[in-house]
Amino acid sequence: MEPTVTALRERPGVRVVDPIESAQFDLWTASPVRPMSVSPDLFRFPVGNAVEISANRVVVPELTSIYLHGEDGLAGAFDPSDGRLRVEGARTLEINSAPTKLYLRVECPLVVEREESRVMVRFDRRVDVQVGVRSLHDQPAGTITTPESPEDVMRAVSLLGSALKTTSAERSFPTLRGHPPLIETGDVFTVPDGIERPETGVRVEVPAEYEYVYPAVSLAYYLGAEVVPGSQPRLVTEGGFTYDLEGDVGYERRVGRVLRQVFVLDCVVRTEGYYQIALHERHRLEERLDVDAGWLYELPLAARLEQYLDMPYDAVADVVPAWPLTVDVDPSVSSLDAMPFLADELAVIRTTPDQSRSATPTPDMITDFQRTDSTPDLESKGVSSEFVTPDPVSFDTVGRAWIGDDVPVGVTKLTSESLHRSLDVDPDPSPIQIHVVCNDPAMQAERAVSEYYQLNERHQFDITVHTNVETEELRALLAQDADFLHYIGHVIDDGIVCPDGHLDTGTLSNVSVTAFLLNACDSHEQGLQLVEAGSLGGIITLSDIADTVATQAGTQLARLLAAGHTLHTSTTVLQTHLLSGTNWLTIGNPTLSLCHSQSGNPLYLRITDIDDGIFRTEFYAFVSPSHGLGSALKLHIDSETRYLASSKLDTLDLSEIELDEILERNILAIDYNGERYWSDEISASDLI
């Protein structure tokens, strides 16, 4: 199901239509054209469809920037404010305002110039212009229907890789991994036209049981692998290579290792391709391993996989980014419809056949995000013993989630319904609408959160503060379309406390607020009901909270959300500073964010020492909806080096001037000497 390019009827030009994203975009020409199909292989970048037209100019009917790629990489960029740009020789033009990836390829000198409210690309004569398009594919291309038998489910999982835009190492870029098709159960196995597994020469053999199939979902998607029944879990390539997927660490742990190892090595090897950047992780690996990235880049996927797995995992383990999401799922058919969403996040998936029902907490989330080597006592902090506790994980993971009937301690309660509803959210250019509801006179100070939401000047916010909201008014607010509702007050077993009684969210059938924070004691049950009634996700509490602590947490969360953090990275960063922050967690879809961060990936900074004017700093970056796993960023300190998000990037010694430059460019939380600061409130000299 690829985008199409057809001649316009109403004027000379072509129309690009992407049926997956329901998007279209026009290019105008001086005279009518007849698009003729050509091979997508003509383009250096992956495209799903390509045509050729004959034209002496192409008009982009919007003001847009354009990247110009030569054969050796990025050769220049056109900014509409620059007015005019002339270039010589063969070029690929990347049109940045299109709702698809859209490229023009020509082999002649050209001029790009602004003409009123549009951009014109002029050639020195009438020439052949190849037009290449690729769906951004944030939406699934269709729905696979499968009977409930594990063997049929394996057939469905084998098709998730159909969304990959390339089988090269560059599929580690988030923009080259489309959203996998959805899966639902039915009597007959059916697949929509156009959903086909790529020929990667890799298969995953596992016993035909859900508890073996689900943990292999993300790996199968990323490898474009066929999943087939086998007596022992293993990877097999077309070259006869086999790799034991159980080993001495167990099946689920081994599969997670393979996924992380293959992914980070792809990120290193891809630096020989489209974007030949200085990647921090490549430098670290080359210090210890003899990695011929250029040779590996040219290998087909199966042969490259064999070389990757010939390296010991321990040699790459400390270079792997902190994994954005690890999810525990019920190994039954009830979890099946969540699998495409988890594959889209490249989540590490575990099954929970022997889940603990004690209230031991999620380990290590105070000081090291969610690395799990120790277990602080949440029960002593007032967490009820009625909750279940997922098992610890053995690697760095920023976000953890649970899919099942129970309420997990310390991790996100994720529901497949909220994941599906997230697909229906259309981009909205209007201001971000937030309702702040304060129903406790003793917590009026927290009303100041309305100011913190507006600190991100790149976005417009429409914030309304409500006080002493009665039940029917709160019911009406929750039923209105809005981006966020921040509640300050109290929650009891019967519902959200209002001056005239309480509102039980279990009585609501239509909640239209996209996301929420219920900053009140023990709000998990009321929050879960908001998600069940239509909200996509929220932040709730697990126990009683002192008012002063709630006020501190509420203001911190407002600032983190305004800085572009997702729901779950907001709670994660909250926990690094506020010991009782473990009482706040997310439910629904944890990857929601209110706005984009200034740098694409939200940042967090920890200063560990200051000596003679030098600041020893640890930088952390987190993935976001716009900059997913595989994104690389630079810190504006070193003009060349880029880092893979997520979590800790590097330890750097900065001068006062360098630190101030970081603080001026970003909205971020800074932890130093047990205190939390914000970049818009301090300069480096304030910390000395």
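Given the structure is predicted, the values throughout are model-derived calculations rather than measurements.

**Let's talk about the overall build of the chain**
Move 1: Regarding its fold elements, the chain presents 15 helices and 39 strands.
Move 2: For the chain, the C-alpha atoms occupy an extent of roughly 75 × 65 × 60 Å along the three principal directions.
Move 3: The buried share of the chain, taken over its 688 residues, is 57%.
Move 4: For the chain, the share of sequence-separated contacts (at least 6 apart) that also reach a separation of at least 24 residues comes to 68%.
Move 5: Summed over all atoms, the accessible surface of the chain reaches about 26,900 Å², with 43% contributed by carbon and sulfur.
Move 6: Counting 51 positive and 108 negative side-chain charges, the chain places the averaged centre of each group 9 Å from the other.

**Quick look at the pairing of strand E32 (residues 584–588)**
Within a regular beta strand, the side chains point alternately toward one face of the sheet and then the other, so they alternate between its two faces.
Move 1: Taking burial as the measure, the five residues of E32 include five buried ones, the bulk of the element.
Move 2: Two strands pair when backbone bridges link them, and strand E31 (residues 537–541) and E32 are joined in this way by five bridges, in the antiparallel orientation. In the sheet register, glycine 537 faces E32, and the bridge partner there is glycine 588.

**What to know about the side chain of serine 543**
Move 1: In this structure, serine 543 sits in the loop between E31 and helix H13 (547–562).
Move 2: By relative accessible area, serine 543 is classed as buried at 2%.
Move 3: Looking at serine 543, its side chain comes within polar contact range of the side chain of asparagine 583, at 3.3 Å.

**Digging into the packing of helix H4 (residues 251–269) against helix H7 (residues 301–309)**
Move 1: Their axes nearest at 10 Å, the elements H4 and H7 cross at an angle of 110 degrees. Looking at the two axes, H4 sits roughly perpendicular to H7. Remark: the crossing between H4 and H7 carries right-handed chirality. Within the contact between the two elements, H4 uses Val258, Gln261, Val262, Leu265, Asp266 and Val269 and H7 uses Arg304, Leu305, Tyr308 and Leu309.
Move 2: Taken together, the residues of the contact of H4 with H7 break down into seven nonpolar, one polar and two charged.

**Here we look at the pairing of strand E10 (residues 101–107)**
Move 1: In terms of burial, E10 is largely enclosed, as five of its seven residues are buried.
Move 2: Note: E10 against strand E12 (residues 118–134), five bridges, orientation antiparallel. The residue bridging lysine 101 from the neighbouring strand is arginine 134, located in E12.

**Quick look at the nonpolar core**
Move 1: Leu223, Leu235, Trp323, Ile607 and Leu659 are the most contacted members of the largest nonpolar core, which totals 107 residues.
Move 2: With eleven residues, the single largest contributor to this core is H4.
Move 3: Residue contacts for tryptophan 323: discarding those within four places in its chain leaves Leu259, Arg260, Phe263, Leu346, Ala347, Val348, Phe395, Asp396, Thr397, Val398, Gly399 and Leu629.

**Digging into unusual backbone geometry**
Move 1: Here the phi dihedral of aspartate 522 falls at roughly 50 degrees; this positive angle occurs in a residue that is not glycine.
Move 2: Tracing the sequence through the fold places aspartate 522 in the loop between strand E30 (513–519) and helix H12 (524–532).
Move 3: Accessibility expressed as a relative area gives 30% for aspartate 522, which makes it partly exposed.
Move 4: Here the phi dihedral of asparagine 673 falls at roughly 55 degrees; this positive angle occurs in a residue that is not glycine.
Move 5: Inspection of the secondary structure puts asparagine 673 in the loop between strand E38 (669–672) and strand E39 (675–678).

**Considerations on the pattern of salt bridges**
Move 1: One pass over the full model with this rule turns up 28 salt bridges.
Move 2: Linked through salt bridges whose partners overlap, the residues forming this network are Glu10, Arg15 and Asp26.

**With respect to a negative patch on the surface**
Move 1: Negative charge collects at one region of the surface, where Asp193, Glu196, Glu199 and Glu238 lie side by side.
Move 2: Note that aspartate 193 resides in the loop between strand E14 (182–185) and strand E15 (202–206).

**A few points about the sheet that holds strand E35 (residues 632–633)**
Move 1: Read from one edge to the other, the open sheet built from three strands follows the order E19-E36-E35, with strand pairing classed as mixed. Edge positions in the open sheet fall to strand E19 (278–279) and E35, since each of these has one partner strand only.
Move 2: With two bridges joining them, E35 and strand E36 (residues 641–644) adopt antiparallel strand pairing. Bridge pairing in E36 links leucine 633 to tyrosine 643.

**Some points on the packing of aromatic side chains**
Move 1: Applying the stated rule across the entire model yields eight aromatic pairs.
Move 2: Both rings, one in tyrosine 210 and one in tyrosine 214, keep their centres 5.4 Å apart while their planes meet at 25 degrees; by these two values the pair is stacked. Each member of the pair, tyrosine 210 together with tyrosine 214, is buried.
Move 3: Ring plane angle 85 degrees and centroid distance 5.5 Å describe the contact between phenylalanine 263 and tryptophan 323, whose orientation is recorded as edge-to-face. Taken together, the positions of phenylalanine 263 in helix H4 and tryptophan 323 in strand E20 (residues 323–329) put the pair 60 residues apart, joining distant regions of the chain.
Move 4: Through pairs of rings, three or more aromatic residues link up here, namely Phe43, Phe45 and Tyr103.
Move 5: The lysine or arginine in question, arginine 155, covers the ring of phenylalanine 189, its NZ or CZ lying 3.8 Å from the ring centre.

**A closer look at the sheet that holds strand E37 (residues 647–654)**
Move 1: The strand order across the open sheet built from five strands is E37-E34-E33-E38-E39, with neighbouring strands paired in mixed fashion. Two strands in the sheet have a free side with no partner beyond their single neighbour: E37 and E39. Strand-to-strand twist in this sheet, taken as the mean axis angle between neighbours without regard to direction, amounts to 25 degrees.
Move 2: Looking at chain direction, strand E33 (residues 603–611) and strand E34 (residues 614–621) are connected through eight bridges and run antiparallel. Bridge pairing in E34 places aspartate 611 opposite isoleucine 614.
Move 3: Against the sheet, helix H14 (residues 567–577) engages E33, E38 and E39, with an angle of about 135 degrees to E39.

**Looking at the environment of threonine 551**
Move 1: With respect to the helices, strands and loops of the structure, threonine 551 is situated in helix H13.
Move 2: Along the primary structure threonine 551 and valine 449 are separated by 102 residues, whereas in three dimensions their C-alpha atoms are 9.2 Å apart.
Move 3: Ignoring anything within four residues of it in the chain, the contact list for threonine 551 reads Met443 and Glu446.

**Considerations on the side chain of aspartate 650**
Move 1: Tracing the chain through its elements places aspartate 650 in strand E37.
Move 2: Buried charge without a partner: aspartate 650 forms no salt bridge, and the closest opposite charge is arginine 284, 6.9 Å away.
Move 3: Within the structure, the side chain of aspartate 650 is placed 2.8 Å from the side chain of tyrosine 643, a separation counted as a polar contact.
Move 4: Setting aside chain neighbours within four positions, we find aspartate 650 in contact with His280, Thr617, Glu618, Phe619 and Tyr643.

Conventions adopted
- Residues numbered from 1 in each chain as written.
- Predicted model: local features only at pLDDT ≥ 70, side-chain atom pairs only at ≥ 80, totals over all residues.
- Heavy atoms only, no water.
- Helix = DSSP H or I, 4+ residues; strand = E, 2+ residues; numbered from the N terminus.
- Buried < 20%, exposed > 50% of the residue type's maximum accessible area, 1.4 Å probe, protein only.
- Contact = heavy atoms within 4.5 Å.
- Areas by Shrake-Rupley, 256 points an atom, 1.4 Å probe, with all protein chains shown as cover.
- Lys, Arg positive; Asp, Glu negative; His and termini not counted.
- Charge placed at Lys NZ, Arg CZ, Asp CG, Glu CD.
- Pairing = 2+ DSSP bridges.
- Polar contact = N/O pair within 3.5 Å; in protein donor to acceptor, adjacent residues only side chain to side chain.
- Axes fitted to C-alpha atoms, helices over the stretch in contact; angles between N-to-C directions.
- Parallel < 35°, antiparallel > 145°, perpendicular 65-115°, else oblique.
- Left-handed = near helix turned anticlockwise from the far one by under 90°.
- Nonpolar A, V, L, I, M, F, W, Y, C, P; charged D, E, K, R; others polar.
- Core = buried A, V, L, I, M, F, W, Y, C linked by side-chain atoms within 4.5 Å.
- Salt bridge = Lys/Arg side-chain N within 4 Å of Asp/Glu carboxyl O.
- Patch = residues over 30% accessible without salt bridge, like charges linked within 9 Å, V, L, I, M, F, W, Y side chains within 5 Å.
- Phe/Tyr/Trp six-rings, centres within 6.5 Å; stacked < 30°, edge-to-face > 60°.
- Lys NZ or Arg CZ within 6 Å of the ring centre and 35° of its normal.

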